[in-house]
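Coordinate inspection notes
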Amino acid sequence: MPISCPQCAAAMPNAAAYCPGCGRAMRPVERARGTVGALPETLAGALAYFLLPAIVFLLVKPYNQNRFVRFHSFQSLGVCLVVLVVGALLRVVGFVLFFIPALGPLLVGLVSMVVILAFIVVWAVLVVKALQGEMFKLPVVGEFAERKATGD
Ligand SMILES: [Zn+2]
């Protein structure tokens, strides 16, 4: 049975997650509200982005049995991996750019700053979303995290 969007009245199959007309989410976001061990799930999810807790959560019960915490822990590790790879790439690019007279070092500084700022923004969003109980998925890294969180 088709349903229609309460915001723009576009019709869509009732399995649709988002309105094709205006992009409104058609299903309420599933939020974590429980507790895991001594912590609220939301706090554990947010802590996972401070790296060391993510490793602890993935090794220690009952945290490693909680889907929400597992998801954020894996996503945190995935982001770290991306940071390492991007950091390595920046070094290579920086090395090459450095040979451009005058402008080179400036470009290196600028590119590094933009990348670092972008990561800080993404990281802050991830922490806030976890605190709000959302399984906020980044592209690629989030897919991997979701598979790992539900898989084994
Ligand atoms: Zn709509």
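Thresholds applied
- Residues numbered from 1 in each chain as written.
- Predicted model: local features only at pLDDT ≥ 70, side-chain atom pairs only at ≥ 80, totals over all residues.
- Helix = DSSP H or I, 4+ residues; strand = E, 2+ residues; numbered from the N terminus.
- Rg over C-alpha atoms; globule rule 2.2 N^0.38 Å.
- Buried ≥ 20, exposed ≤ 12 C-beta atoms within 10 Å, placed from the backbone.
- Contact = placed C-beta atoms within 7 Å.
- Axes fitted to C-alpha atoms, helices over the stretch in contact; angles between N-to-C directions.
- Parallel < 35°, antiparallel > 145°, perpendicular 65-115°, else oblique.
- Left-handed = near helix turned anticlockwise from the far one by under 90°.
- Nonpolar A, V, L, I, M, F, W, Y, C, P; charged D, E, K, R; others polar.
- Domains from an automatic or database assignment.
- Expected span 1.5 Å × (residues − 1).

Further remarks concern the overall build of the chain. Counting its regular elements, the chain contains 5 helices and 4 strands. Of the regular secondary structure in the chain, the N- to C-terminal order runs β-β-β-β-α-α-α-α-α. For 152 residues, the compact-globule formula gives about 15 Å, and the C-alpha radius of gyration of the chain, at 20 Å, lies well above that figure. Overall, the C-alpha framework of the chain stretches about 65 × 45 × 25 Å when taken along its three principal axes. Of all 152 residues assigned to the chain, the portion counted as buried reaches 20%. In the chain, 47% of the contacts between residues at least 6 apart in sequence involve partners at least 24 apart.

To continue, consider the packing of helix H3 (residues 67-97) against helix H5 (residues 141-151). The contact between H3 and H5 brings their axes to 8 Å, and the two run at 140 degrees. Here H5 runs oblique to H3, going by the angle between their axes. Handedness of the crossing formed by H3 with H5: right-handed. Each of Arg-67, Arg-70, Phe-71, Phe-74, Gln-75, Gly-78, Val-79 and Val-82 in H3 lies in contact with H5, whose residues at this interface are Val-141, Gly-142, Phe-144, Ala-145, Glu-146, Lys-148, Ala-149 and Thr-150. Considered class by class, the residues forming the contact of H3 with H5 number 8 nonpolar, 4 polar and 4 charged.

This paragraph deals with the environment of Phe-144. Secondary-structure assignment places Phe-144 in helix H5. Counting along the chain gives 69 residues from Phe-144 to Gln-75, while the straight-line C-alpha distance between them is 7.6 Å. Other than its neighbours up to four places away in sequence, Phe-144 contacts Phe-74 and Gly-78.

On to the domain arrangement of the chain, then. The domain boundaries assigned to the chain delineate domain 1 (1-30) and domain 2 (31-151). Inter-centroid distance (C-alpha atoms) of domain 1 to domain 2 is 30 Å.

For the rest of this paragraph, the subject is the packing of helix H2 (residues 52-59) against H3. Interaxial distance between H2 and H3 falls to 9 Å at its minimum, and their mutual angle equals 135 degrees. With respect to each other, H2 and H3 are oriented oblique. Crossing of H2 over H3 shows left-handed handedness. From H2, Ala-54, Phe-57 and Leu-58 reach across to H3, where they touch Val-69, Arg-70, Ser-73, Ser-76 and Leu-77.

This brings us to H3. End to end, H3 covers 44 Å across 31 residues, agreeing with the expected 45 Å (1.5 Å per residue, within 8%). For H3, the set of buried residues is Phe-68, Val-69, Arg-70, Phe-71, His-72, Ser-73, Phe-74, Gln-75, Ser-76 and Val-79. Its buried side turned inward, H3 meets strand E3 (35-36), helix H1 (41-47), H2, helix H4 (103-131) and H5.

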